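Listed here are the chains, written in short residue letters.
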Amino acid sequence: MASKDDTSGIKEYAGGWITERKATDVPTFLKYAYIVIFLGTISYGVYFMNGEAGESDRAALVSQLNQATGHSDVFMYIVALLAAVVAIAVIRFAFSKVHTDD
């Protein structure tokens, strides 16, 4: 639950462990960190969606595992698409204008 401190404009969440000053923006470094982190995780997931089949040490084992368990590239691309949708929503929120609670 959020409690509002009317005198200083600070909201407290989680019993005071998280505080927010009224009408502050997301820091710029964090906005760009969201982009880098989401691009990195989505590209990693797509690149390694079938395991490390190109690695010389483990390629045979990974190929046997993929044949035994079956894998769906379509499903993995859908998961990557959902991750991209979440990334777009978070980045859009981070870059939006600050709203005040009046």
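The structure we're discussing is the one just above.
All of these numbers come straight from a predicted model, not from anything done at the bench. (Residues numbered from 1 in each chain as written. Predicted model: local features only at pLDDT ≥ 70, side-chain atom pairs only at ≥ 80, totals over all residues. Heavy atoms only, no water.)

Colleague: Where do I start with the overall build of the chain in this structure?
Modeller: Of regular secondary structure, the chain possesses 3 helices and 3 strands. For the chain, the N- to C-terminal ordering of α and β elements is β-β-β-α-α-α. Per-residue burial for the chain yields a buried fraction of 9% across its 102 residues. Restricting the contact set of the chain to residue pairs at least 6 apart, pairs at least 24 apart contribute 48%. (Helix = DSSP H or I, 4+ residues; strand = E, 2+ residues; numbered from the N terminus. Buried < 20%, exposed > 50% of the residue type's maximum accessible area, 1.4 Å probe, protein only. Contact = heavy atoms within 4.5 Å.)

Colleague: Honestly, the packing of helix α1 (residues 28-47) against helix α3 (residues 73-95) in this entry has me stumped. Any pointers?
Modeller: Across the interface, α1 lies against α3 with an axial gap of 10 Å and an inter-helix angle of 180°. On the basis of their axis angle, the class for α1 and α3 is roughly antiparallel. Counted together, Lys31, Tyr32, Tyr34, Ile35, Phe38, Ile42 and Val46 of α1 and Tyr77, Ala80, Ala83, Ala84, Ala87, Val90, Ile91, Ala94 and Phe95 of α3 form the full contact between these two elements. (Axes fitted to C-alpha atoms, helices over the stretch in contact; angles between N-to-C directions. Parallel < 35°, antiparallel > 145°, perpendicular 65-115°, else oblique.)

Colleague: Which parts of the structure should I look at to understand the pairing of strand β3 (residues 18-21)?
Modeller: Sheet faces and side chains relate simply in a regular strand, where the side chains alternate between the two faces. Judged from the 4 bridges that link them, strand β2 (residues 10-13) and β3 form a sheet pairing that is antiparallel. Note that in β3 the partner of Glu12 across the bridge is Thr19. Once β2 ends, the chain turns through 4 residues before running back antiparallel as β3, passing Ala14 with a positive phi of about 55°. (Pairing = 2+ DSSP bridges.)

Colleague: Even after reading the chapter, I still don't get the packing of aromatic side chains, so can you show me in this structure?
Modeller: Two aromatic rings, taken as a pair, are described by how far apart their centres are and by the angle between their planes. Counting across every chain of the model gives 3 aromatic pairs. An angle of 75° between the planes, with centres 5.5 Å apart, marks the rings of Tyr32 and Phe95 as edge-to-face. Pair noted here: Tyr32 is in helix α1 and Phe95 is in helix α3, with a separation of 63 residues, a long-range link. Tyr32 gets classed as partly exposed once you look at its relative accessible area, which sits at 47%. The class for Phe95 is partly exposed, based on a relative accessible area of 37%. Note on Tyr44 and Phe48: the rings are 4.8 Å apart at their centroids and 55° apart in plane angle, and the pair reads as tilted. Counting every residue linked through ring pairs, the aromatic cluster contains Tyr44, Tyr47 and Phe48. (Phe/Tyr/Trp six-rings, centres within 6.5 Å; stacked < 30°, edge-to-face > 60°.)

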